[in-house]
Amino acid sequence: MAAGWRFIAQRALTETVLDWDVPLSLSSNPKRELCGPGSMNGTIEPEFARMIGEDGNPLFQEWGTKLYAEIDGEIRWGGVVTKTSYDDAKYTINCEGFSCYPHGIPYEGHFISGKKLTPKDPYAGKDKNHDGYIDGSKPKKKVPKPPKPYAGTRYDVFHAFRHIWFHIQSKPFGDIGMEIDQHNLGELLGTSDGEDPYELAWWNNPDCGQAIDQLTTSTPFDWTETHAWADNTSTTIKHRIKLGKPRLGRKRTDLRFMDGENLTAIAKPEGLGDEYANEVYVLGKGEGQKMKKAHLYNLTTGRLRRVVTVVDKTLSSDSALRSRGNLELTGHSQALQIPAIQIRNHPNARFGSWSIGDDILVQVEVPWVGDVAIWHRIISDELSPNDMCVLTLKRSDSFVY
């Protein structure tokens, strides 16, 4: 393993350190993702004595061991062992980030935002002869219209995100140790008239991971998980989900990513091909003529009309439909994109100097096009022990918030 690298194993629940320097050979590098758990895989060969912990249990247990990649004294990646396998003397270990944990966990409570409330009509039953007047009133007084329904308490999107995580971690043996940012997004779930509340109910058998994904899709925002030492002298590792309001990262004019300097390879530049569209229909909640819909277009591109239809039954409000439509329209109408670059550790952009979600200017020479400089967002990164890093990218202007 390269100098400055080590892998640290802990028990998943107690976070007791089992091994400070696991002899892991990477088969896939530690990968961090925007709005995703990331992954890391490796092997141990041959068998070694430390495979059994001091508690008498195997060192690596599926959903029972946490594993970290520490680089130059900083925790760069953290995850939980989700799969192990044996092939003679080779032991294979597959890990995913902590945020994979909600998937497959059922939601067992009831959470509702914007519940429809109908006030009691004080004049109900006071027009028994149905003449439109209050019985016995002198002079005759017309029966007022009943009060309109309204929405009950509406919760912020980030409140719901935290609620799901609290629900997961409050169960016996369910606390993975994740802390969630406490600020709000400023977007309330459900409609103000109570006609379309947001609801999670155990009787509908919702999956916690899917519920989190649907929140991110219906009201676009960013999140990412991080792991770090609690302080300079501690042996405690903190786990956090950072919530973007509305996005994470920033425009990095202080970093440089340029062909011939710190870029060692680029993935094949790509256009949109069959994915191109300049008009979007978004179909949301409901059936038939009552189905929610939005129509967005950009016909100033000088190209023939091409249409994409998106169906997402989690979308109910006009703002959510239009937000999704704008995101799809931008993503389907942009030009050249560099899907990934490989860089070396260089003064232009030292490893650890960027964050997932940052916007960086990629300056490369593209055959048949020439020199291009395009702003991209960092969607994921993969550090390797040979002092190289692969950044997965997406055009910055394909994101709409």
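Anything mentioned here points back to the structure above.
What you see is a predicted model, and the numbers here were worked out from it, not measured in a lab.

Asker: Would you mind going over the packing of helix α1 (residues 157-169) against helix α2 (residues 208-218) with me for this structure?
Answerer: When two helices pack together, their arrangement is given by the angle between the helix axes and by the axis-to-axis distance. With their axes 10 Å apart at the nearest point, α1 and α2 run at an angle of 170° to one another. When the interaxial angle is binned, α1 and α2 end up roughly antiparallel. Two packed elements cross with a definite hand, and for α1 against α2 that hand is left-handed. Along its contact with α1, which presents V157, A160, F161, I164, W165, H167 and I168, the element α2 presents C208, A211, I212 and L215. Grouping the constituent residues of the contact of α1 with α2 by class yields 10 nonpolar, 1 polar and no charged.

Asker: Help me out: how do you make sense of the side chain of S99 in this one?
Answerer: When you line up the elements, S99 lands in the loop between β7 (90-97) and β8 (110-113). Residue S99 is classed as buried on the basis of its relative accessible area, which comes to 6%. Here the side chain of S99 touches E225 through a polar contact of 2.6 Å, side chain to side chain. Not counting chain neighbours up to four residues away, the residues in contact with S99 comprise G36, P37, W165, W223 and E225.

Asker: Help me out: how do you make sense of the packing of aromatic side chains in this one?
Answerer: Here a ring pair, both rings aromatic, is described through the centre-centre distance and the interplanar angle of the planes. All told, the structure shown has 14 aromatic pairs when counted by the stated rule. For the ring pair F111 and Y155, a centre distance of 5.2 Å and an interplane angle of 40° mean the geometry is tilted. Of this pair, F111 sits in strand β8 while Y155 sits in the loop between β10 (150-151) and α1; the two residues are 44 residues apart in sequence, bridging distant segments of the chain. Through a chain of ring-to-ring contacts, three or more aromatic side chains come together here, namely F158, F161, F221 and W223.

Parameters and conventions
- Residues numbered from 1 in each chain as written.
- Predicted model: local features only at pLDDT ≥ 70, side-chain atom pairs only at ≥ 80, totals over all residues.
- Heavy atoms only, no water.
- Axes fitted to C-alpha atoms, helices over the stretch in contact; angles between N-to-C directions.
- Helix = DSSP H or I, 4+ residues; strand = E, 2+ residues; numbered from the N terminus.
- Parallel < 35°, antiparallel > 145°, perpendicular 65-115°, else oblique.
- Left-handed = near helix turned anticlockwise from the far one by under 90°.
- Contact = heavy atoms within 4.5 Å.
- Nonpolar A, V, L, I, M, F, W, Y, C, P; charged D, E, K, R; others polar.
- Buried < 20%, exposed > 50% of the residue type's maximum accessible area, 1.4 Å probe, protein only.
- Polar contact = N/O pair within 3.5 Å; in protein donor to acceptor, adjacent residues only side chain to side chain.
- Phe/Tyr/Trp six-rings, centres within 6.5 Å; stacked < 30°, edge-to-face > 60°.

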